[in-house]
Amino acid sequence: MKLGIVGLPNVGKSTLFNAITNAGAAASNYPFCTIEPNVGVVAVPDSRLDSLAEMYKPEKLTPAIIEFVDIAGLVKGASRGEGLGNKFLSHIREVDAIVHVVRCFEDKNITHVDGSVDPVRDVETINLELIFADLESLERRIDRTKKSMKGGDKKYAAQLELFERIKEALEHGRQAREIDFSAGELEILKEVSLLTLKPVIFAANVAEDDLAEGYKNNENYLKLVEYAKEKKCEVIPVSARIEEEISQLGEDEKLAFLEELGINRSGLDRLVEASYSLLGLISYLTAGQPEVRAWTIKKGTKAPQAAGKIHTDFERGFIRAEVVSYDDLISCGSMAAAKEKGLVRSEGKEYVVQDGDVVLFRFNV
């Protein structure tokens, strides 16, 4: 899963990204790597892996991962090439979802690009750039579709109607994700890569004091929450400065620091979990020697395709999956005990893998 971090200048985007990359570097369970200068990889928090590691004592523990891409160059006019406009657009087209960092703190020492803090205005500035970029893409697509219609293929007429419906909505300031689409229309749109169709989470960058007070007195944060409700988006409050401090600490120090702040999880952990949920992702688990591991799949994935995440041979030669739920395995204390109680099931090709399934795939190639 790849998440793009966007935001106007001086909203805390780079500070948050630096915290993310440091957190990745410090993660004991996953070797941090920088794929490019602007990409960081972090582990998806999953306490189930620790419990399975206690049971199996594996040589290796591998969590699911998320890539965060720091997308630079977004300023007013990016869609027309201002700032690093073209680079920004190419990077954002590649991500699965957008984490939009929005400034919700006041600080006279940090200048705002528009002279004042207004989270809704800032969000709409970026939204407008995405809308302009999508309009340009759609106009080219509409022209090509009209030319293709001359052959008399009816599918192009349906595509044209869809593209023109989206174009009209964008021209009225609505984003593509605010429109209801059929399953067939969503299939067509996979080829179009609309920026405003990508799911969004707002990361509200708040001051340290706001975390302790539960954000009730932060008017900027409350404005953003109201706006997000209208747009059916989620808001995760974070303090980029605190996240940067946390990223430098060991696990025990981190827990003590969070407790002192009166919160039980870091903003990064909450952001990762919310992103996982936003994209409809779950984890199934494999456990034994030499490795305990979490594998990321889409909700609704059937057993052979889930097996294919491990290796294409597993999917090609799939015979069956031996499955036990994580809760049943932990309550029994061992796989042998779970088998004795009849809690380990043999599932075939139509089985839909569930979050927390501990799976052993049988295959033959």
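Here, every reference points to the structure presented above.
Residues numbered from 1 in each chain as written. Predicted model: local features only at pLDDT ≥ 70, side-chain atom pairs only at ≥ 80, totals over all residues. Heavy atoms only, no water.

Asker: Where do I start with empty space enclosed by the protein in this structure?
Answerer: A water-sized probe rolled over the atoms picks out the places where empty space is left. Summed over all chains, the structure comprises 2 cavities of 30 Å³ or more. Of the pockets and cavities examined, the largest cavity occupies roughly 40 Å³. Lining the largest cavity are Val-6, Ile-98, His-100, Ile-126, Asn-127, Leu-130, Arg-177, Val-200 and Phe-202. Mapped onto the lining of the largest cavity, the elements with two or more residues apiece are strand S5 (97–103), helix H4 (119–148) and strand S6 (200–205). The dominant element in the lining of the largest cavity, judged by the number of residues it contributes, is H4, at 3 residues. (1 Å grid on protein atoms, 1.4 Å probe; cavity = no way out; pocket = protein on both sides within 12 Å on 5 of 7 lines; lining within 4 Å. Points joined across faces, edges and corners; volume = space filled by probe spheres on them. Helix = DSSP H or I, 4+ residues; strand = E, 2+ residues; numbered from the N terminus.)

Asker: Before we go on, may I ask you to explain helix H2 (residues 47–56) in this structure?
Answerer: Residues lying three or four places apart along an α-helix face the same way, a consequence of the helix completing one turn every 3.6 residues. Buried within H2 are the following residues: Arg-48, Leu-49, Leu-52, Ala-53 and Tyr-56. Buried residues of H2 fall within an arc of 140° about the axis and therefore sit on the same side. Projecting away from the buried face of H2 at angles above 90 degrees are the exposed residues Ser-47 and Glu-54. Elements in contact with the buried residues of H2: strand S3 (60–62), strand S8 (281–286), strand S9 (291–298), helix H14 (326–332), helix H15 (335–340) and strand S12 (357–363). Of the residues one or two after H2, Lys-57 is the one with positive phi, at around 50°. (Buried < 20%, exposed > 50% of the residue type's maximum accessible area, 1.4 Å probe, protein only. Arc of directions from axis to C-beta. Contact = heavy atoms within 4.5 Å.)

Asker: Before we go on, may I ask you to explain the sheet that holds strand S1 (residues 2–6) in this structure?
Answerer: Strands in a sheet are paired, the pairing made by backbone hydrogen bonds, and the direction either parallel or antiparallel. With respect to topology, 6 strands assemble into an open sheet ordered S2-S4-S1-S5-S6-S7, the strand pairing being mixed. Edge positions in the sheet fall to strand S2 (39–43) and strand S7 (234–238), since each has one partner strand and no second. With direction set aside, neighbouring strand axes in the sheet form an average angle of 25°. Across the sheet, helix H11 (residues 267–278) is in contact with S1, S2, strand S4 (65–70), S5, S6 and S7; its angle to S7 comes to roughly 165°. (Pairing = 2+ DSSP bridges. Axes fitted to C-alpha atoms, helices over the stretch in contact; angles between N-to-C directions.)

Asker: Looking at this structure, how should I read the pairing of strand S10 (residues 318–325)?
Answerer: Here 7 bridges tie S10 to S12, and the two strands are oriented antiparallel to one another. The partner of Ser-325 across the bridge, within S12, is Asp-357. Across 3 bridges, S10 lies against strand S11 (residues 345–347) in antiparallel orientation. Paired with Ala-321 across the strands is Glu-347, a residue of S11.

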